[in-house]
Amino acid sequence: MKTHDNTLYVTTQKAYLARKGTNIDVRVEGQSRLQLPVHTVGSIVCFGNVLCSPFLLGLCAQHRVAVTFLTENGRFMGRVEGPQSGNVLLRRAQHRCTSDPQTAAVVAACFISAKIANCRTVLLRAIRDHPDRPENAGISAVLRRMDGLLDELQQPLPLDRVRGIEGEGAAAYFSVFDHLILAQKDTFFFRDRSRRPPRDNMNAMLSFLYAILTNDLVSACQAVGLDPQMGFLHADRPGRASLGLDLVEEFRPVIADRLALSLVNRQQVTAAGFKQTESGAVQMNDDTRKTVLVAYQKRKGEELVHPFLNERMTVGLLFLVQARLLARWLRGELDAYPPFFWR
């Protein structure tokens, strides 16, 4: 099993990425700060005011290294990449399945079953690690509600009901998310999920992590030849990576949510790293973004045993593996898509 490719995150404003032979040369104020062989990099993600030379973009396209441009806070702006891999037969099969409401509902139910089950595991671990907290009664009530939703997902359901269950599960989970924050409660709290824009420190960090996680899932889809804009759960919309958003549902609780909670509870990020703009949006500063990205990359390097394949692999490789399993189902090699359930 191959190891996951590294992602180069560039957050320094006014940085310039150039080609030097077959190396990626990162320059700041005219000085070379980092050089990496292009074959050691899986993708490049640029935040904010970061420029790339056309020669570097050509080198990256040649080596299938996607270059993604995000705002400083993680909002997607654009992506440069070489020819898409895979074959037209796989994408035709994907189109047929996503266009059939019944089939789409079955696959969407797989994504949401894994999401709710993984949210449930996050809450169960919180109770296990802190068994005497009075908040556990509220968490237990949410767990019972999740059990009911998981039972319902075992039945054939229309796509709209699957989407409704996703909303109900998310609302129940986030209703007790604040109980999982154990430190810095005066500045890190969770009242409700606010996205555009995030209105508090915790939402700002979650939105940032969801954005880079989604970027990794989109890259995984393209690496195996799937169309990332053709989804099962999320409706087609111009410019939206619906399939990437489908697959990211399985990983939000176990990667993004747990990482955000860990950074706060261990006080690796503090309120000093966040600021509120005149519009009310909360943003992270450059140092905090770097702290989050380093922790995210470290998390991707951790190992686990895949529950379906029973193989040891890094967390970062899970994204590619799940995209491959979905492609295998579309090709008829598997009876059903096996979502990722965290143990």
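Scoring rules and cut-offs
- Residues numbered from 1 in each chain as written.
- Predicted model: local features only at pLDDT ≥ 70, side-chain atom pairs only at ≥ 80, totals over all residues.
- Heavy atoms only, no water.
- Helix = DSSP H or I, 4+ residues; strand = E, 2+ residues; numbered from the N terminus.
- Rg over C-alpha atoms; globule rule 2.2 N^0.38 Å.
- Buried < 20%, exposed > 50% of the residue type's maximum accessible area, 1.4 Å probe, protein only.
- Contact = heavy atoms within 4.5 Å.
- Areas by Shrake-Rupley, 256 points an atom, 1.4 Å probe, with all protein chains shown as cover.
- Lys, Arg positive; Asp, Glu negative; His and termini not counted.
- Charge placed at Lys NZ, Arg CZ, Asp CG, Glu CD.
- Patch = residues over 30% accessible without salt bridge, like charges linked within 9 Å, V, L, I, M, F, W, Y side chains within 5 Å.
- Salt bridge = Lys/Arg side-chain N within 4 Å of Asp/Glu carboxyl O.
- Axes fitted to C-alpha atoms, helices over the stretch in contact; angles between N-to-C directions.
- Parallel < 35°, antiparallel > 145°, perpendicular 65-115°, else oblique.
- Left-handed = near helix turned anticlockwise from the far one by under 90°.
- Nonpolar A, V, L, I, M, F, W, Y, C, P; charged D, E, K, R; others polar.
- Phe/Tyr/Trp six-rings, centres within 6.5 Å; stacked < 30°, edge-to-face > 60°.

**A short note on the overall build of the protein chain**
- In terms of helices and strands, the protein chain carries 10 helices and 12 strands.
- Against the 2.2 N^0.38 benchmark of 20 Å for 343 residues, the protein chain shows a C-alpha radius of gyration of 20 Å, consistent with a compact globule.
- When its C-alpha atoms are laid out on the principal axes, the protein chain stretches across 60 × 55 × 40 Å.
- Classification of the 343 residues of the protein chain by burial places 54% in the buried group.
- Excluding contacts between residues fewer than 6 apart, the proportion of contacts in the protein chain whose partners are at least 24 apart in sequence is 61%.
- Of the roughly 16000 Å² of accessible surface on the protein chain, a fraction of 50% belongs to carbon and sulfur atoms.
- Distance between charge centres in the protein chain, computed from 43 positive and 34 negative side chains, equals 4 Å.

**Points about a positive patch on the surface**
- A cluster of basic residues, Arg75, Arg195, Arg196 and Arg237, forms a positive patch at the surface.
- With respect to the element layout, Arg75 can be found in the loop between strand S7 (66-70) and strand S8 (76-80).

**Considering the packing of helix H8 (residues 252-265) against helix H9 (residues 286-300)**
- Taken N-terminus to C-terminus, the directions of H8 and H9 make an angle of 130°; their axes are 11 Å apart at the nearest point. By the criterion of interaxial angle, the relationship of H8 to H9 is oblique. Two packed elements cross with a definite hand, and for H8 against H9 that hand is right-handed. Within the contact between the two elements, H8 uses Val254, Ile255, Arg258, Leu259 and Leu263 and H9 uses Val292, Ala295, Tyr296 and Arg299.
- A per-class count over the contact of H8 with H9 returns seven nonpolar, no polar and two charged.

**A word on the packing of aromatic side chains**
- Considering all chains together, one arrives at 13 aromatic pairs under this definition.
- Aromatic pair Phe47 and Phe208: ring centres 5.4 Å apart, planes at 35°, arrangement tilted. Of the two residues, Phe47 sits in strand S5 (residues 41-47) while Phe208 sits in helix H6 (residues 201-223), which places them 161 residues apart along the sequence. Of the two residues examined, Phe47 and Phe208, each falls in the buried class.
- With 5.1 Å between their ring centres and 65° between their planes, Phe177 and Phe190 make a pair best called edge-to-face. Of the two residues, Phe177 is situated in the loop between helix H5 (159-175) and H6 and Phe190 in the loop between H5 and H6; the sequence distance between them amounts to 13 residues. Take Phe177 and Phe190: they sit in the same class, and that class is buried.
- In this structure an aromatic cluster arises from ring pairing among Phe111, Phe232, Trp329 and Tyr337.

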